[in-house]
Amino acid sequence: MTVLVIAEHDHATVKPATLNTVTAGIACQSGDVHVLVAGANAAEAAAAAAKIVGVAKVIAADSPSLAENLAENVAAQVLAIAKNYSHILFPATANGKNVAPRVAAKLDVAQISDVTKVDSPDTFERPIYAGNAIAIVQSSDAIKVITVRTTGFDPAAATGGSATVENAEGVADSGKSSFVGREVTKSERPELTAAKIIVSGGRALGSAEKFTEVMAPLADKLNAGLGASRAAVDAGYAPNDWQVGQTGKIVAPQLYIACGISGAIQHLAGMKDSKVIVAINKDPEAPIFSVADYGLEADLFTAVPELVKAL
Ligand SMILES: Cc1cc2nc3c(=O)[nH]c(=O)nc-3n(C[C@H](O)[C@H](O)[C@H](O)COP(=O)(O)OP(=O)(O)OC[C@H]3O[C@@H](n4cnc5c(N)ncnc54)[C@H](O)[C@@H]3O)c2cc1C
């Protein structure tokens, strides 16, 4: 049978999470990997998906009903072709997690969530208890609906492939939801889940003003994404979409610098797979030091500006 990967895209480009999901699809060893690009006027995104190495076919479903990525319509589009596949994989992003359960429910199968490793075509590994244990899940469902934790898989090469592109009829609007508006945070900085370097600040920063004053210059110097602990977000020091952790974003950059973050398990669950972890904390007992490759016991209000100056 064949594997279907649901592309995350903006109608023109394919988002990086799709590349990691393709790698997971290949690991399912169940035959060819197809990619569904469900969008509106999304030929460019379909062409980009066709270049991903390892993809045999791109199914381009184009319809005005798919313009705003409404979960009801995207799920209907997936269901229209689902019976042709043994595995249907979504990135475990907000979008993927919005659509996958609808597909699983309609197919009457159990969703396998947040997969970090594929052991065999029917056996998968996923973290539980905030990453403190790994569950090995075997599924006997005929169609396996899976969300993929993208940090668990290397990205497939974005160029070099030459998949065929097949047009599919786009579904009609379900009428169950309608698009009202979207407020998008615009930032010059790299998106957290795609950033190679992330600098994160915690409650120790003390205010939104100090967070910006101390953390932004370091992020600027390193061309890094800016992250935050939940305590910093809850206190209003940093916006919600900067939160790293169990209930925030799961990241695994090359370098993660945690400043004034204690290292609660819920925070570690979102960043402990980072390649190199640097922690700056004035408490030598802070749990963040247990996962840090480099630890600096210091006051961040002195250490971070000095680091910026030295860079
Ligand atoms: C269900 C659930 C889900 C959660 N999800 C998340 C999540 O997704 N992400 C997340 O981050 N948290 C999450 N939390 C919250 C988590 O438990 C912690 O409360 C939170 O991570 C603490 O944030 P913090 O490290 O910034 O603050 P604190 O724990 O207060 O730590 C502040 C640290 O700063 C240090 N410090 C203070 N002043 C300085 C200074 N001048 N220089 C250097 N260091 C200094 C202190 O020594 C301390 O270690 C969740 C909690 C629950 C219950």
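Before reading further, recall that the structure is shown in the block above.
In what follows, the accompanying structure is described.

Parameters at a glance
Residues numbered from 1 in each chain as written. Predicted model: local features only at pLDDT ≥ 70, side-chain atom pairs only at ≥ 80, totals over all residues. Heavy atoms only, no water. Pairing = 2+ DSSP bridges. Helix = DSSP H or I, 4+ residues; strand = E, 2+ residues; numbered from the N terminus. Axes fitted to C-alpha atoms, helices over the stretch in contact; angles between N-to-C directions. Contact = heavy atoms within 4.5 Å. Buried < 20%, exposed > 50% of the residue type's maximum accessible area, 1.4 Å probe, protein only. Arc of directions from axis to C-beta. 1 Å grid on protein atoms, 1.4 Å probe; cavity = no way out; pocket = protein on both sides within 12 Å on 5 of 7 lines; lining within 4 Å. Points joined across faces, edges and corners; volume = space filled by probe spheres on them. Nonpolar A, V, L, I, M, F, W, Y, C, P; charged D, E, K, R; others polar.

1. A few points about the sheet that holds strand E1 (residues 2-6)
Spatially, the seven strands line up as an open sheet ordered E5-E9-E4-E1-E2-E3-E10, and their pairing is parallel. The sheet terminates laterally at strand E5 (112-115) and strand E10 (164-169), the two strands that pair on one side only. Each neighbouring strand pair of the sheet contributes to a mean axis angle of 25°, computed without reference to strand direction. Strand direction decides the pairing type here: E1 and strand E4 (residues 85-91), joined by four bridges, are parallel. Bridging from a neighbouring strand, Val5 pairs with Leu89 of E4. This element, helix H2 (residues 43-50), spans strand E2 (33-39), strand E3 (57-62) and E10 of the sheet and lies at about 170° to E3. Across the sheet, helix H3 (residues 71-81) touches E1, E2, E3, E4 and E10, and the angle it forms with E2 is around 145°.

2. What to know about helix H8 (residues 300-310)
Those residues of H8 that fall on the buried side of the exposure criterion are Leu300, Ala303, Val304 and Val308. Seen along its axis, H8 keeps its buried residues to an arc of 135°; they face one direction. Exposed residues pointing more than 90 degrees away from the buried face of H8 are listed as Lys309 and Ala310. Where H8 is buried, its residues touch helix H5 (208-222), strand E13 (255-259), strand E14 (276-281) and strand E15 (294-297).

3. Points about the layout of surface pockets
Estimated volume of the second largest pocket: approximately 320 Å³. Residue composition of the lining of the second largest pocket, grouped by class: five nonpolar, twelve polar and two charged.

4. Section: the pairing of strand E12 (residues 225-228)
The alternating pattern of E12 places Gly225 and Gly227 on one face and Leu226 and Ala228 on the opposite face, and all of these are buried. Sheet topology places strand E11 (residues 197-201) next to E12; four bridges connect them, and they run parallel. Residue pairing across strands places Val199 opposite Leu226, the latter belonging to E12.

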